Amino acid sequence: MTTTTPEATTAPEEITAPERTIAGARERIDVLDDRIIGLIQERMAVSAVVQQTRIASGGRRVHLSREMEILGRYREALGKPGTGLAMTLLELCRGRI
């Protein structure tokens, strides 16, 4: 026996304005998420070039003062949760230290 959700049984002409607004906003969020993921992947690739170049020239893989700048920028722009987001980004881009 299959069950249906109320959304599945609603005829298109019965969709309310709030439901249309929510559906449109969710579509926009999905597009934004795809862009964000793409930008993160691009950032990871650029970070890999920086790390490889730094190591090849005798430097360290991680530059802690630079990471502190990044953490500060995210915290200033997004508040305390920005720090956690920046930490996650740094981990994605350079790996765990």
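As a starting point, this report considers the structure included with it.

About the cut-offs
- Per chain, the residues get numbers from 1 upward, laid out in the order the sequence is written.
- Selection of residues for local features in this predicted model requires a pLDDT of at least 70, selection of side-chain atom pairs for listing and counting requires 80 or more, and totals for whole chains, interfaces and linings are taken over all residues.
- The basis for every side-chain value is the complete set of non-hydrogen atoms in the structure, without hydrogens or water.
- Strands are runs of DSSP state E lasting at least 2 residues, helices are runs of H or I lasting at least 4, and numbering of each runs from the N terminus.
- Only protein chains enter the area calculation, which uses a 1.4 Å probe; residues under 20% of their type maximum are buried, those over 50% are exposed, and those in between are partly exposed.
- Contacts are assigned to residue pairs with any non-hydrogen atoms lying within 4.5 Å of each other.
- Surface accessibility follows the Shrake-Rupley procedure with a 1.4 Å probe radius. Residue values consider only the protein chains on display as shielding.
- By definition, a salt bridge exists where a carboxyl oxygen of Asp or Glu is found within 4 Å of a side-chain nitrogen of Lys or Arg.
- A helix's residues, less one, multiplied by 1.5 Å, set its expected span.
- An arc is given here, and it is the one of the directions from the helix axis to the C-beta atoms.
- The angle between two axes is taken between their N-to-C directions and runs from 0 to 180 degrees, where each axis is a line fitted to C-alpha atoms and a helix contributes only its stretch in contact.
- The sense of a crossing depends on the near helix, which, turned anticlockwise from the far helix by less than a right angle, makes the crossing left-handed and, turned clockwise, makes it right-handed.

## Thoughts on the overall build of the protein
No. 1: The helix and strand inventory of the protein stands at four helices and zero strands.
No. 2: Along the protein, helices and strands appear, N-terminal first, in the series α-α-α-α.
No. 3: Across the 97 residues of the protein, 14% fall into the buried class.
No. 4: Counted over contacts in the protein with a minimum sequence separation of 6, partners at least 24 positions apart contribute 46%.
No. 5: If you sum the accessible surface of the protein, you get close to 7800 Å²; carbon and sulfur atoms cover 60% of it.

## A closer look at the pattern of salt bridges
No. 1: Summed over the entire model, instances satisfying the criterion amount to two salt bridges.
No. 2: A salt bridge links Glu69 to Arg66, with the nearest nitrogen and oxygen atoms 3.4 Å apart. With Glu69 and Arg66 both in helix α3 (residues 64-78) and three residues apart, this pair spans about one turn of that helix.
No. 3: Among the residues examined, Glu69 registers a relative accessible area of 48% and is labelled partly exposed.

## What about helix α4 (residues 80-94)?
No. 1: Its 15 residues place the ends of α4 22 Å apart at the C-alpha level, agreeing with the 21 Å of an ideal helix rising 1.5 Å per residue.
No. 2: Gly82, Ala86, Leu89, Leu90, Cys93 and Arg94 are the residues of α4 that are buried. The buried residues of α4 all sit within an arc of 105° when viewed along its axis, so they share a single face. Seen from the buried face of α4, the exposed residues on the opposite side, beyond 90 degrees, are Lys80 and Pro81.
No. 3: Taken from the residues just after α4, Gly95 is the one with a positive phi, measuring 85°.

## Looking at the packing of α3 against α4
No. 1: Remark: α3 packs on α4, axes separated minimally by 7 Å, with the N-to-C direction vectors making an angle of 140°. Like other packed secondary-structure pairs, α3 and α4 cross with a definite hand, here right-handed. The residues of α4 that touch α3, namely those facing Glu67, Ile70, Leu71, Tyr74, Arg75 and Leu78, are Lys80, Pro81, Gly82, Thr83, Leu85, Ala86, Met87, Leu89, Leu90 and Arg94.

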